[in-house]
Amino acid sequence: MRRTPSRAAALDRISLSLPPEPASVPLASAAAVGLLQHRAGGEALGARLAAATADLLGAGLTRARPRDRLLVHFDLGTDSVITTVELRRPGRWQPGGSFLESAVLNFNQDGAGSRRGTGGRASHN
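In this text, all values refer to a predicted model and were calculated from it rather than measured experimentally.

*Asks:* Can you help me understand the environment of arginine 63 in this one?
*Replies:* Residue position: arginine 63 is located in helix α2 (residues 43-63). Note on arginine 63: relative accessible area 43%, which makes it partly exposed. Taking the C-alpha atoms as reference, arginine 63 lies 9.2 Å from proline 20; in sequence the two are 43 residues apart.

Take a look at the structure:
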């Protein structure tokens, strides 16, 4: 896990770089649970974030090639976490070849939202 400087005052970004294989899903799910234990507590929130992370990674795995990398970003705020899975392909950028998908989990509400995108950048507004 790598921690990068905050993009905004209220967000901390934690990133994972994983190989595109099924064994990466439980690793990222366990990391998601651990993040919420430190930030917001609660097993229910951790289970929801782990499930959302597993869904995002599963979608990324369907498009991945053996040499690709799956990047998982957790943007932690005071009341929510934005999970983004990005597929990085080595070599030249190919239109339609990248993958980017995000999900938002609010700590104070039961609902979670998601944004999907292929080949672009998701905004974290």
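*Asks:* Honestly, the confidence of the model for the protein chain in this entry has me stumped. Any pointers?
*Replies:* Overall, the prediction assigns the protein chain a mean pLDDT of 79, with 70% of residues at 70 or greater. Within the protein chain, strand β3 (residues 69-76) carries the highest mean pLDDT (94), whereas strand β6 (residues 112-117) carries the lowest (49). Low pLDDT, under 50, characterises residues 114-125; the stretch is placed with 32 contacts to residues that sit more than four places away or in other chains.

*Asks:* Even after reading the chapter, I still don't get the pattern of salt bridges, so can you show me in this structure?
*Replies:* Pairs can form between side chains of opposite charge once their charged atoms are near each other. With the rule as written, the count across this model stands at three salt bridges. The salt bridge involving aspartate 75 is made with arginine 13; its shortest N-O contact spans 2.8 Å. With a gap of 62 residues between them, aspartate 75 in strand β3 and arginine 13 in strand β2 (residues 12-18) connect regions that are remote in the sequence. Given the relative accessible area of 1%, aspartate 75 is considered buried. A relative accessible area of 15% places arginine 13 in the buried class. Between glutamate 86 and arginine 88 there is a salt bridge whose closest N-O contact spans 3.0 Å. For glutamate 86, a relative accessible area of 7% gives the class buried. Judged by its relative accessible area of 43%, arginine 88 is partly exposed.

*Asks:* Explain the nonpolar core here, please?
*Replies:* Across soluble globular proteins, you tend to see nonpolar side chains buried next to one another. Of all hydrophobic cores here, the largest spans 25 residues; its most connected members are Leu16, Leu57, Val72, Phe74, Val81 and Val85. The dominant element in this core, judged by the number of residues it contributes, is helix α1 (residues 24-39), at six residues. Apart from the residues within four sequence positions on either side, phenylalanine 74 is in contact with Asp12, Arg13, Ile14, Leu16, Ala28, Ala32, Leu35, Thr53, Val81, Ile82 and Thr83.

*Asks:* Please clarify how the pairing of β2 should be interpreted in this entry.
*Replies:* The side chains of a regular strand alternate between the sheet's two faces. Along β2, five of the seven residues are buried, which leaves the element largely enclosed by surrounding structure. Judged from the seven bridges that link them, β2 and β3 form a sheet pairing that is antiparallel. Following the sheet pairing, leucine 18 is matched in β3 by leucine 70.

*Asks:* I keep staring at the pairing of β3 and nothing clicks. Help me out?
*Replies:* Along β3, seven of the eight residues are buried, which leaves the element largely enclosed by surrounding structure. Two strands pair when backbone bridges link them, and β3 and strand β4 (residues 80-88) are joined in this way by eight bridges, in the antiparallel orientation. Bridge pairing in β4 places leucine 76 opposite valine 81. In sequence, β3 turns back onto β4 through a hairpin of three residues.

*Asks:* Can you walk me through the side chain of serine 80 in this structure?
*Replies:* The topology assignment puts serine 80 in strand β4. On the basis of relative accessible area, serine 80 is assigned to the buried category, the value being 13%. When neighbours within four sequence positions are excluded, serine 80 is seen to be in contact with Asp75, Val104, Leu105, Asn106 and Phe107.

About the criteria used
Residues numbered from 1 in each chain as written. Predicted model: local features only at pLDDT ≥ 70, side-chain atom pairs only at ≥ 80, totals over all residues. Heavy atoms only, no water. Helix = DSSP H or I, 4+ residues; strand = E, 2+ residues; numbered from the N terminus. Buried < 20%, exposed > 50% of the residue type's maximum accessible area, 1.4 Å probe, protein only. pLDDT = per-residue confidence, 0-100. Contact = heavy atoms within 4.5 Å. Salt bridge = Lys/Arg side-chain N within 4 Å of Asp/Glu carboxyl O. Core = buried A, V, L, I, M, F, W, Y, C linked by side-chain atoms within 4.5 Å. Pairing = 2+ DSSP bridges.

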